[in-house]
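A closer look at the structure
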Amino acid sequence: MAPVHLPVIGPGSLGRDGKRRRPYPADVQGRFVRARRVVYYGLIALWAALPWIPIGGHPAVFLSIEKRQFFLFGSTFNAQDLWLVFFLLSGFGFGLLYITTVLGRVWCGWACPQTVFIEAFYRPIERLVNGPRNLALRRQHGPMTGERVLRLVATHALYVVASFAVAHVFLAYFVSLPGLWSMMRTKPAAHPEAFAWMIATTALCYGVFGLFREQFCVVMCPYGRLQSVLLDDDALVVGYDEKRGEPRGKASSKDAGACVDCQRCVVVCPTGIDIRQGLQLDCIACTACIDACDEVMDKL
């Protein structure tokens, strides 16, 4: 079998020609990855449990479309209380601005639903079916075989299953768990509106989390585009120490810096950037590059 050249994505998933170069991040282990997983699965557990927790005879968080009421941790809000949403959204917005100024893009890399669902569900599915990065890229740039087609179909089928599950939990916030269970045991024609919303939500999750991936963060997310005006000199950012790392070279070289130019920080990046080129809008502060560098430095 002829050797296959494996491209190193960088300095981003969008090339200068405007075409997307889809990253396939390599798996990495380390202290930050373990901490992120705790945060991810904690947030998902909280999100999935809220419809199950009864407070005052209603779920902890429940927006009843039928009764036009919003139940929030024992409090009940009606349609005439809609003006309170302004303060809720304003408080969330100002809190996000404050957190960004102090901790940088910690929301993007640690708590944003886009990142949480991709890293907790869709990325593990991709690695489970297609294997590690090098092997998956060899198949991707190799001939179209039956095995490759089978893996591709299995990957997207599992994406749909994951999207289906996410959509049903999301729907429970609007029809309650008993109502959702009742709908699932009847024909879709008995509740066409809820069924249509479920299909639309499943398609949206599949498209955004399974296909669009990092493009949402890089191209569409307005919060990501505002980073340049929210960060200051005191904000916490993930950066490359040029004084320590440069000039790059082999570990055995006396004149080289600490960076051995192994490209490990590039191949683990979910947006495909090279963190050594300075602070970039595409960086979501996921800290995967730190763990990757730690792995290499520990060996050296």
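This section reports on the structure supplied with the text. Bear in mind the structure is a predicted one, so any value in this text is a computation, not a measurement.

In the structure shown here, the tally under the stated rule is three cavities of 30 Å³ or more. Estimated volume of the largest cavity: approximately 130 Å³. The wall of the largest cavity is formed by 14 residues, among which Ile-118, Arg-123, Arg-213, Glu-214 and Pro-270 lie closest to the centre. Within the residue set of the lining of the largest cavity, elements represented by two or more residues are α4 (113-130) and α9 (214-220). Here the element with the most residues in the lining of the largest cavity is α4; it accounts for five residues. For the lining of the largest cavity, a count of residues per class yields five nonpolar, three polar and six charged. The calculated volume of the second largest cavity comes to roughly 90 Å³. Around the second largest cavity, the lining is made up of 13 residues, and of these Cys-269, Ile-273, Cys-283, Cys-286 and Cys-289 lie nearest the centre.

Here the focus is the side chain of Asp-291. Topologically, Asp-291 is positioned in helix α14 (residues 288-299). Put simply, Asp-291 is tucked away with no salt bridge, and the nearest opposite charge, on Arg-31, sits 4.8 Å away. Polar contacts involving the side chain of Asp-291 include one to the main-chain amide nitrogen of Phe-32, which spans 3.3 Å. In this view, Asp-291 contacts Val-28, Gln-29, Gly-30, Arg-31, Phe-32 and Val-33; residues no more than four positions away in its chain are not counted.

Mapped onto the fold, Ser-182 is located in helix α7 (residues 177-184). The class for Ser-182 is partly exposed, based on a relative accessible area of 35%. Separated by 35 residues in the primary sequence, Ser-182 and Glu-147 have C-alpha atoms spaced 40 Å apart.

Any two side chains of opposite charge can pair, given that their charged atoms come close. Applying the stated criterion to the full structure yields 13 salt bridges. With a shortest N-O distance of 3.6 Å, Arg-31 and Asp-294 are connected by a salt bridge. With Arg-31 in helix α1 (residues 31-49) and Asp-294 in helix α14, this residue pair connects regions lying 263 residues apart in the sequence. Judged by relative accessible area, Asp-294 falls into the partly exposed class, the value being 25%.

With that out of the way, let us pick up the nonpolar core. Core analysis: the biggest nonpolar cluster contains 15 residues, and Val-28, Tyr-223, Val-268, Ile-284 and Ala-288 have the highest contact counts within it. Sequence-distant contacts of Val-28, defined by excluding residues within four places in its chain, comprise Val-33, Arg-37, Arg-264, Val-268, Ala-288, Asp-291, Ala-292 and Glu-295. Grouped together as the second largest cluster of nonpolar side chains are 10 residues, Phe-117, Ile-125, Ala-162 and Val-166 included.

The next point concerns the layout of surface pockets. In this structure, the largest pocket encloses a volume near 1600 Å³. What lines the largest pocket is a set of 47 residues, and nearest its centre among them are Trp-47, Val-61, Pro-113, Phe-170 and Tyr-173. With six residues, helix α2 (residues 84-103) is the largest single contributor of residues to the lining of the largest pocket.

What follows deals with the sheet that holds strand β5 (residues 75-77). Taken together, three strands build an open sheet; the order of strands is β3-β4-β5 and the sheet is antiparallel. Strand pairing shows two members of the sheet lacking a second neighbour, β3 (61-64) and β5, which therefore form its edges. Each adjacent strand pair in this sheet contributes to an overall mean axis angle of 15°, direction not counted. Relative to β5, strand β4 (residues 69-72) runs antiparallel, the two sharing three bridges. Residue pairing in the sheet places Phe-70 in a bridge with Phe-77 of β5.

That bond from Glu-246 to Pro-247 is cis: its omega, -5°, falls within 30 degrees of zero. Structurally, the position occupied by Pro-247 is in the loop between α12 (242-245) and α13 (264-267). Here Arg-213, not a glycine, exhibits a phi torsion of approximately 50°, which is positive. Assignment of secondary structure puts Arg-213 in the loop between α8 (192-212) and α9. Owing to a relative accessible area of 3%, Arg-213 belongs among the buried residues under this scheme.

Counting across every chain of the model gives 11 aromatic pairs. Ring centres of Phe-92 and Trp-107 lie 5.9 Å apart, and the angle between their planes is 80°; this geometry places the pair in the edge-to-face category. Placement of the pair is Phe-92 in helix α2 and Trp-107 in helix α3 (residues 106-110), with a sequence separation of 15 residues. Looking at Trp-107, the relative accessible area reads 26%, which means it is partly exposed. On the basis of an interplanar angle of 35° and a centroid distance of 5.3 Å, the ring pair of Phe-117 and Phe-209 is categorised as tilted. Remark: Phe-209 occurs in helix α8 and Phe-117 occurs in helix α4; sequence separation between them is 92 residues. The same class applies to Phe-117 and to Phe-209, which are both buried.

Definitions and limits used
Residues numbered from 1 in each chain as written. Predicted model: local features only at pLDDT ≥ 70, side-chain atom pairs only at ≥ 80, totals over all residues. Heavy atoms only, no water. 1 Å grid on protein atoms, 1.4 Å probe; cavity = no way out; pocket = protein on both sides within 12 Å on 5 of 7 lines; lining within 4 Å. Points joined across faces, edges and corners; volume = space filled by probe spheres on them. Helix = DSSP H or I, 4+ residues; strand = E, 2+ residues; numbered from the N terminus. Nonpolar A, V, L, I, M, F, W, Y, C, P; charged D, E, K, R; others polar. Buried < 20%, exposed > 50% of the residue type's maximum accessible area, 1.4 Å probe, protein only. Lys, Arg positive; Asp, Glu negative; His and termini not counted. Salt bridge = Lys/Arg side-chain N within 4 Å of Asp/Glu carboxyl O. Polar contact = N/O pair within 3.5 Å; in protein donor to acceptor, adjacent residues only side chain to side chain. Contact = heavy atoms within 4.5 Å. Core = buried A, V, L, I, M, F, W, Y, C linked by side-chain atoms within 4.5 Å. Pairing = 2+ DSSP bridges. Axes fitted to C-alpha atoms, helices over the stretch in contact; angles between N-to-C directions. Phe/Tyr/Trp six-rings, centres within 6.5 Å; stacked < 30°, edge-to-face > 60°.

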